[in-house]
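# Structural overview for review
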Amino acid sequence: MWSSVVAVTTALSLTACQSEEPKPAAEAADFQVIGGEVIDEAFFNENKVGACATVDFGPSEARRAPTPEEASKFETRAAADKTVRVAWHVITNGTAGNVTDAQIAAQMDVLNAAYAGKGFQFTTVSIDRTSNSKWYTMSPGSRNETNAKTTLGVNPATTLNIYTAAPGQGLLGWATFPWSYAESSKQHGVVLLYSSLPGGSAAPYNLGDTATHEVGHYLGLYHTFQGGCNNPGDSVDDTPAEASAAYGCPAGRDTCSSTGADPIYNFMDYTDDACMNQFTAGQVSRMAWAASTYKPSL
């Protein structure tokens, strides 16, 4: 969905696989204004219960895929993965949400395995812990999210900031696109449900691939089902079109008439963590292009 007011795509949701009823408009209260812009009301009608938002404040041309000339600049990128610095911000309510250093280390292992040979590797540079009950339940685009990021964010131009918390509405996580803000804005980053980290309780989303998915958004990827069966879809040529999000691990699912079964094993779908295991070459080129274009200091 793309609006002249603001563009929004859904990100991973813990409860979306359990219900496909439209999100009640009454739940939109905390999302009415983000960065001085009013969110398109259709967002609340089109998204499923519990779906979270990856908010895009960027120019419409950011949606295009890299040209062949741009993509060719990154053909050798996978041979020399860029190391991305990661600052972890563990937000608790004083009694719950305090993920361990071991869980963070395990999450980093998952990220590095998923992105190995894809242009990016990740290293933890800091971990801080904050008890704040309002930030603990922050929603995407809320004042609490803004305040948490403004207070805790570390060098966003050169560092990926990841926040763990317990957002309401059953959200698994959300992320900003690389073009969403100026490179130095502290609003950049990824927010994760703390129990989605490896060893957490959010099964079947507790193997760490919520982070893999959200970092994909942070690096410029759309969902595989972006735009349904219509062009340009997710703006990546080698991900087959998909009419809607897939849940579980429905082998052989094929919802569009174009060539290729649905990309249910792709990290940018909505399938279970155990089902996700791949990025395509086109997605790799797009991430390299988006990061080089919009986050050159990363």
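Overview of the structure. (Residues numbered from 1 in each chain as written. Predicted model: local features only at pLDDT ≥ 70, side-chain atom pairs only at ≥ 80, totals over all residues. Heavy atoms only, no water.)

## Brief notes about the overall build of the protein chain
A count of helices and strands for the protein chain gives seven helices and nine strands. Looking at the protein chain residue by residue over its 298 residues, the buried ones come to 54%. Contacts in the protein chain between residues at least 24 apart in sequence constitute 73% of all its contacts with a sequence separation of at least 6. Put simply, the protein chain shows about 11,600 Å² of open surface, and 51% of that area lies on carbon and sulfur atoms. (Helix = DSSP H or I, 4+ residues; strand = E, 2+ residues; numbered from the N terminus. Buried < 20%, exposed > 50% of the residue type's maximum accessible area, 1.4 Å probe, protein only. Contact = heavy atoms within 4.5 Å. Areas by Shrake-Rupley, 256 points an atom, 1.4 Å probe, with all protein chains shown as cover.)

## Structural notes on the nonpolar core
Core analysis: the largest hydrophobic core is formed by 30 residues, its most contacted members being Tyr115, Phe122, Leu160 and Leu219. Counting only elements with at least two residues in this core, the list comes to strand 5 (82-92), helix 3 (101-115), strand 6 (120-131), strand 7 (159-165), strand 9 (190-193), helix 6 (209-218) and helix 7 (281-294). At five residues, the largest contribution of residues to this core is made by helix 3. Both domains that meet at this core, namely domain 1 (76-221 + 280-297) and domain 2 (223-278), each give it at least three residues. Among the nonpolar cores identified, the runner-up in size contains 16 residues, and Ala148, Ala166, Trp174 and Tyr205 belong to it. (Core = buried A, V, L, I, M, F, W, Y, C linked by side-chain atoms within 4.5 Å. Domains from an automatic or database assignment.)

## Brief notes about the environment of serine 139
Within the secondary structure, serine 139 is located in the loop between helix 4 (133-136) and helix 5 (143-152). Residue classification places serine 139 among the buried residues on the basis of a relative accessible area of 8%. Put simply, serine 139 and glycine 173 are 34 residues apart on the chain and 9.5 Å apart in space, counted from C-alpha to C-alpha.

## What to know about the sheet that holds strand 6
In space, the five strands of this open sheet follow the order 6-5-7-9-8, with mixed pairing throughout. Each edge of the sheet is formed by a strand with only one pairing partner; in this case those strands are strand 6 and strand 8 (173-175). Sheet twist, expressed as the average angle between the axes of neighbouring strands with direction ignored, equals 20°. Of the pairings in the sheet, the one linking strand 7 to strand 9 comprises four bridges and is parallel in character. Following the sheet pairing, alanine 165 is matched in strand 9 by leucine 193. Packed onto the sheet, helix 5 meets strand 5, strand 6, strand 7, strand 8 and strand 9 and runs at close to 130° relative to strand 7. With respect to the sheet, helix 6 is in contact with strand 6, strand 7, strand 8 and strand 9, its orientation differing from that of strand 9 by roughly 160°. (Pairing = 2+ DSSP bridges. Axes fitted to C-alpha atoms, helices over the stretch in contact; angles between N-to-C directions.)

In short, geometric facts, not functional conclusions.
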